[in-house]
Amino acid sequence: MSDADTIYNAPSSLKSKVWKKFGFYMKNGALDKTVAICKQCGTALKYTGSTTNLNTHLVRRHGKTGDEEASTVSKASTKTWQDTDIQDFFQPKFSHNSARAKVVTASITRFIVKVLRPYSVVQNEGFRDMIKTLEPR
Ligand SMILES: [Zn+2]
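These notes cover the structure that comes with them. Just so you know, these numbers come straight off a predicted model, no measurement behind them.

Right, let's talk about the overall build of the chain for a bit. Within the chain, the secondary structure is distributed over three helices and five strands. Listing the helices and strands of the chain from first to last along the sequence gives β-β-β-β-β-α-α-α. A burial count over the chain gives 19% of its 137 residues as buried. When the accessible surface of the chain is split by element, carbon and sulfur atoms take 54% of a total near 10700 Å².

Below, the discussion takes up the coordination of the zinc ion. For the zinc ion, every protein donor is listed as Cys38 (SG), Cys41 (SG), His57 (NE2) and His62 (NE2), and the spread of their distances is 2.0 to 2.3 Å. Judged by its relative accessible area of 33%, Cys41 falls in the partly exposed class.

Our next topic: the side chain of His57. The topology assignment puts His57 in helix 1 (residues 52–62). A relative accessible area of 7% places His57 in the buried class. Other than its neighbours up to four places away in sequence, His57 contacts Phe22, Cys38, Cys41, Thr43, Leu45 and His62.

Along an α-helix, residues three or four positions apart point the same way, because every turn accommodates 3.6 residues. Within helix 1, the full set of buried residues consists of Leu54, His57 and Leu58. What you see down the axis of helix 1 is that its buried residues fit within an arc of 100°, all on one side. The exposed residues of helix 1 that point more than 90 degrees off its buried face are Thr52 and Arg60. Against the buried residues of helix 1 lie strand 2 (22–27), strand 4 (35–38) and strand 5 (44–46). Just downstream of helix 1, Gly63 is the residue with a positive phi angle, here 70°.

Calculation criteria
- Residues numbered from 1 in each chain as written.
- Predicted model: local features only at pLDDT ≥ 70, side-chain atom pairs only at ≥ 80, totals over all residues.
- Heavy atoms only, no water.
- Helix = DSSP H or I, 4+ residues; strand = E, 2+ residues; numbered from the N terminus.
- Buried < 20%, exposed > 50% of the residue type's maximum accessible area, 1.4 Å probe, protein only.
- Areas by Shrake-Rupley, 256 points an atom, 1.4 Å probe, with all protein chains shown as cover.
- Donors = N, O, S within 2.8 Å, 3.2 Å for Na, K, Ca; no water.
- Contact = heavy atoms within 4.5 Å.
- Arc of directions from axis to C-beta.

Following this line, the structure appears as structure tokens:
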């Protein structure tokens, strides 16, 4: 293995994060900074002082940039309660002659008749709470 095959780390004077992914070959006892070498695949890229093409290589060939902090995870589209149709929470009360009100009233009446409880049961707090839970309107 000769020096020509060894990828040397870029000097610390090169601040860009892409230099964690690229290095240089040694040439005649000095780093050849005209050609950046990808540490992952060994591809030689001409370096002219701009890291744009180096980043492009990382994105195209390795699916990431030199920026480790960059998240490639796409934000999951999560549905929150705020997406729920607010109308569901603020439905108007049934009018007394609505079909639903009649059905509920008839059902309550049957309940009272069956258990032979006086009509005052509808004033009972527990009963009212139960009905409110079943049908808030
Ligand atoms: Zn590469």
